[in-house]
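Each chain, letter by letter, is given below.
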Amino acid sequence: MKLVLASSSLAPCFCVRFFPPNHNNLNPSFSVGQRKIKLRAISVSCGMSEVLKSDLMEPEAETLVNKRNLYAPIEPYSTGNLKVSDVHTLYWEQSGKPDGHPVVFLHGGPGGGTAPGNRRVFDPEFYRIILFDQRGAGKSTPHACLEENTTWDLVNDIEKLREHLKIPEWLVFGGSWGSTLALAYSQSHPDKVTGLVLRGIFLLRKKEIDWFYEGGAAAIYPDAWEEFRDLIPENERGSLVDAYHKRLNSDDLETQYAAARAWTKWEMMTAYLRPNLENVQKAEDDKFSLAFARIENHYFVNKGFFPSDSYLLDNVDKIRHIKTTIVQGRYDVCCPMMSAWDLHKAWPEAELKIVYDAGHSANEPGIAAELVVANEKMKALMR
């Protein structure tokens, strides 16, 4: 059964969500007037999105969610730098409510860094919002550094930051590569995670890398692909990831910059369902592009530093109990929906929200709205 609630482009989309009180309740019910209606299925369709929902949410989350807009811009109330190794120092910041429920934001890339707009998907009157730049990214130093920069270094960094800020446990929020890192962190420290909000699922499997960097996505963006491909001579196109690795680690800085611009432009041109010129222009920022491309490529060449291709799927049992919402754009080219679907099949208890009019970027209206909704629902579980 699918429950459809009317909405229009002139009004917010109101979705009534039904959360059975325990894992084995397959027949939830609700009341309309004096009638009690039983539901045998647990999917909800609303506007341009469909929900495949979790049965791990508590009854108090049975609410009418009507907050779908981003919150107003805010500034941090504290910032700092945390030395996490002999090489690396991380920039971190806190905003929102100092004694609110902590949430840590894990940015994408890897190498993308954080931005002020990342704070806006969280209610600043409820959440203590922690952002930080991962090793080599954003304001963290040294810039674009690959030394001591692995997934497990980052997992340890998150724990060091939690301990530094004296936070017992927190909500973990991550999109794209941030979803990869969020899964790796929560599987390593499930007792420190009160909930997960994930967007644009990336499991860092070979088929995902091949799709986006070795020609699959060229079927949809052949014009943008040719510009990315043509930086590499024909005799080196057997593996574009390896060919770019060689250039991004060249002794010549200009060679690094040229490769970084091409790599970053390819990703930025494909991140939105509708072209976003401002996003594409990020590729012209050599400082941003070098960290973004160089660190991403480093992780991809090293297969995410995971012991197996299916590592994150194989370890879902460690986090199966954690309340989780997954937001996925139907037309995501960078991190195609096959990964969110594979994760949902391995973890049906997690709620999967498919946004039918969106690609990859968290800044697309439909994606942003569902991220706000996900954080609003988490509030009811954490009061």
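Residues numbered from 1 in each chain as written. Predicted model: local features only at pLDDT ≥ 70, side-chain atom pairs only at ≥ 80, totals over all residues. Heavy atoms only, no water.

*Asks:* Quick question: what am I supposed to make of the pattern of salt bridges here?
*Replies:* It is possible for side chains bearing opposite charge to pair when their charged atoms get close. Evaluated as defined, the whole model comprises 22 salt bridges. Note that Asp342 and Arg205 form a salt bridge whose closest N and O atoms lie 2.9 Å from each other. With Asp342 in helix 10 (residues 337-346) and Arg205 in the loop between strand 13 (193-199) and helix 3 (206-213), this residue pair connects regions lying 137 residues apart in the sequence. For the pair shown, Asp342 and Arg205 are each scored as buried. Between Glu370 and Lys353 there is a salt bridge, with the nearest N and O atoms lying 2.7 Å from each other. Taken together, the positions of Glu370 in helix 11 (residues 365-382) and Lys353 in strand 15 (residues 351-355) put the pair 17 residues apart, joining distant regions of the chain. Of the two residues, Glu370 and Lys353, neither departs from the other in class, the shared state being buried. Connected through salt bridges with shared partners, the residues Arg205, Lys207, Glu208 and Asp342 form a single ionic network. (Salt bridge = Lys/Arg side-chain N within 4 Å of Asp/Glu carboxyl O. Helix = DSSP H or I, 4+ residues; strand = E, 2+ residues; numbered from the N terminus. Buried < 20%, exposed > 50% of the residue type's maximum accessible area, 1.4 Å probe, protein only.)

*Asks:* Sorry, what's going on with the side chain of Arg68 here?
*Replies:* Counting through the fold element by element, Arg68 comes out in the loop between strand 7 (64-65) and strand 8 (78-83). Judged by its relative accessible area of 16%, Arg68 falls in the buried class. Of note is the side chain of Arg68, whose polar atom sits 2.6 Å from the side chain of Glu370. (Polar contact = N/O pair within 3.5 Å; in protein donor to acceptor, adjacent residues only side chain to side chain.)

*Asks:* I'm lost on the pairing of strand 13 in this one. Help?
*Replies:* Side chains on a regular strand alternate between the two faces of the sheet. Within strand 13, seven of the seven residues are buried, leaving the element largely enclosed by the surrounding structure. Note that strand 12 (residues 170-175) and strand 13 share six bridges and pair parallel. Considered in strand 13, the bridge of Gly174 is made with Leu198. A crossover connection joins strand 12 to the parallel strand 13 through helix 2 (residues 177-188); in handedness this β-α-β unit is right-handed. (Pairing = 2+ DSSP bridges. Right-handed = clockwise from strand over helix to strand, strands pointing away.)

*Asks:* I keep staring at the packing of aromatic side chains and nothing clicks. Help me out?
*Replies:* Describing an aromatic ring pair means giving the distance of the ring centres and the angle of the ring planes. Throughout the structure, instances matching the rule amount to 23 aromatic pairs. Their ring planes at 25 degrees and their centres at 5.1 Å tell us that Phe212 and Trp266 sit as a pair that is stacked. Of this pair, Phe212 sits in helix 3 while Trp266 sits in helix 6 (residues 253-269); the two residues are 54 residues apart in sequence, bridging distant segments of the chain. On the basis of relative accessibility, which here comes to 2%, the residue Phe212 falls in the buried class. (Phe/Tyr/Trp six-rings, centres within 6.5 Å; stacked < 30°, edge-to-face > 60°.)

*Asks:* Is there a simple way to explain unusual backbone geometry in this structure?
*Replies:* Glycine aside, residues mostly have negative phi angles, and peptide bonds mostly take the trans form. Here Gly109 and Pro110 are connected by a cis peptide whose omega angle stands at 0 degrees. Within the secondary structure, Pro110 sits in the loop between strand 10 (101-106) and strand 11 (127-132). Cis geometry is adopted by the peptide bond preceding Pro142, which originates at Thr141 and carries an omega value of -5 degrees. With respect to the secondary-structure elements, Pro142 resides in the loop between strand 11 and helix 1 (151-164). Not every positive phi belongs to a glycine, and Glu148 is a case in point at roughly 50 degrees. With respect to the element layout, Glu148 can be found in the loop between strand 11 and helix 1.

*Asks:* How should I be thinking about the pairing of strand 8 in this particular structure?
*Replies:* Alignment of strand 8 against strand 9 (residues 89-96), held across six bridges, turns out to be antiparallel. Residue Lys83 lies in a different strand from strand 9, and its bridge partner there is Thr89. Where strand 8 folds back on strand 9, the antiparallel hairpin that results is connected by five residues.

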